[in-house]
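A structural walkthrough
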Amino acid sequence: MASTRETRHTRRTGIQRTDGSRRRGIGLHAALVVGVLFSAFPFYWAVIMSTHTTSEIFSYPPKLLPGTHFLENVRSLFDNIDFFGSMFNSLLVAGSVTFLVLFFDSLAAFVFAKFDFPGKRLLFVLLMFIFMVPAQLQAIPQFVIMAKLGWIGSMTALIVPAAANAFGIFWMRQYMNGAIHDELLDASRIDGANFLRQYWHVALPVVRPGLAFLGIFTFMGQWNDYAWPLIALTNPDNVTLQVALSQLNGTHGTTDYGMVMTGALLALVPLLLVFAIGARQMIGDLAKGAIK
C-alpha cells in the first residue's frame, strides 16, 4: 500500500512538473515572439514608407499597408544620386577594411594570447587606452596625416586608417584565450610548424566563430560610417553610399521622404546579406565545436 501511494505521488509530482515546464516554455516563446515583432517593426515601417509619397507618410491616421509609389521613388532616387556607384564605393571600402581587420587583428591577438615577449603587458595596456579614446578625437590628427600623405579624396584615406583597431584585437585575444588550448600549439611545434603555420592551420580554424562576429561588426560599422567619409572624400565621384544618401535631404522643407526611405531601404540589403551569411557561419561553427 505504501509503495502504491508513493508511486501515485511521484506520478502526480511528475505531471505537475511537466505542466509547469510546459507553461514556462509557452510563456518564454510568447515573450520571444513579442520581442521579434517589436524588433522587426522598424524594418516593416521602412518598407511601408518607401512605397508612399511624402504627403501619404505624414497623413493621419498613418498608413500601415504598402502603397503604389515604390517604383516612382526608386526612379527619383536613381535620378538624384549615383546610387550604384556610391554603393560600389561602400562595398569596396567595407569589404577591404573587413578583410584587413580580420587578418591584422587576429594575427596580433594570437601573439598577445599565446606568446610571451618583453613589454607584452605594457603594450596591451596602451592598446586598452587607445580603445577608450573616442573616434571623434582622432578625426583632426588623422586628417592631417592623410593630407600630408596625399590621400585626401581617395579611398585609401578610408581603408588604411581602419585596417586594424583596438576592439578587434581585444575581442580576438579574449576569444583565443579560451578557444585555443596550449596542447594544440605544443603538438604543432612538435610536428615542426612555424609561427605562421600555427596561426593559419591551428588558430584560425578554431576561432572562426569569433572571426565571423568581428567580420559582421566591422562591415556594419564601415558601411554605416558617415562622418569620416564626409570629411575625407573631397572627390564627389568617390563618395560612399551614406554620404550620397545625405544629399537627398532638401532645403526649406522640400525633402522627398518617400525617396529618402527608399534609398535607406535599398542600403539595408547588403547589410542583411552579410549578417545572414556571417551569422550562419558563426552558428554552424559553434555547433561543430559543440559536437566535437
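Fair warning: this is a prediction, and the values are worked out from it, not measured in the lab.

A few points about the overall build of the chain
Per the secondary structure count, the chain includes 14 helices and zero strands. Along the chain, helices and strands appear, N-terminal first, in the series α-α-α-α-α-α-α-α-α-α-α-α-α-α. Counting all 292 residues of the chain, 33% fall into the buried class. For the chain, contacts bridging at least 24 residues in sequence account for 74% of all contacts bridging at least 6. Accessible area for the chain stands at about 18,400 Å²; split by element, carbon and sulfur atoms hold 67% of it.

Remarks on a nonpolar patch on the surface
Nonpolar side chains collect at one region of the surface, where L122, L123, V125, L126, F129, F131 and M132 lie side by side and expose about 700 Å² of accessible area between them. Summarising the element assignment, F129 is placed in helix α5 (residues 120-132).

Structural notes on unusual backbone geometry
The omega torsion across Y60 and P61 is 0°, close enough to zero to call that bond cis. Position of P61 relative to the elements: it lies in the loop between α2 (54-57) and α3 (70-80).

Comments concerning the packing of aromatic side chains
Here the structure, examined in full by the defined rule, presents 22 aromatic pairs. When the ring of F103 is compared with that of Y199, the centres are 6.3 Å apart and the planes differ by 80°; the resulting orientation is edge-to-face. Taken together, the residues span a long stretch of sequence, with F103 in helix α4 (residues 83-114) and Y199 in helix α10 (residues 195-206) at a distance of 96 residues. A residue is classified by how much of its surface remains accessible, and F103, at 35% relative accessible area, is partly exposed. Pairing W171 with F213 gives two aromatic rings, centres 4.8 Å apart and planes at 55°, and the pair type is tilted. In this pair, W171 is assigned in helix α8 (residues 166-179) and F213 in helix α11 (residues 208-224), connecting sequence segments 42 residues apart. One aromatic cluster is present, formed by F112, F117, F124, F131, F167, F170, W171, Y175, F213 and F217 through successive ring pairs. Here the basic side chain of R173 rests over the ring of F124, its NZ or CZ set 4.1 Å away from the ring centre.

Calculation notes
Residues numbered from 1 in each chain as written. Predicted model: local features only at pLDDT ≥ 70, side-chain atom pairs only at ≥ 80, totals over all residues. Heavy atoms only, no water. Helix = DSSP H or I, 4+ residues; strand = E, 2+ residues; numbered from the N terminus. Buried < 20%, exposed > 50% of the residue type's maximum accessible area, 1.4 Å probe, protein only. Contact = heavy atoms within 4.5 Å. Areas by Shrake-Rupley, 256 points an atom, 1.4 Å probe, with all protein chains shown as cover. Patch = residues over 30% accessible without salt bridge, like charges linked within 9 Å, V, L, I, M, F, W, Y side chains within 5 Å. Salt bridge = Lys/Arg side-chain N within 4 Å of Asp/Glu carboxyl O. Phe/Tyr/Trp six-rings, centres within 6.5 Å; stacked < 30°, edge-to-face > 60°. Lys NZ or Arg CZ within 6 Å of the ring centre and 35° of its normal.

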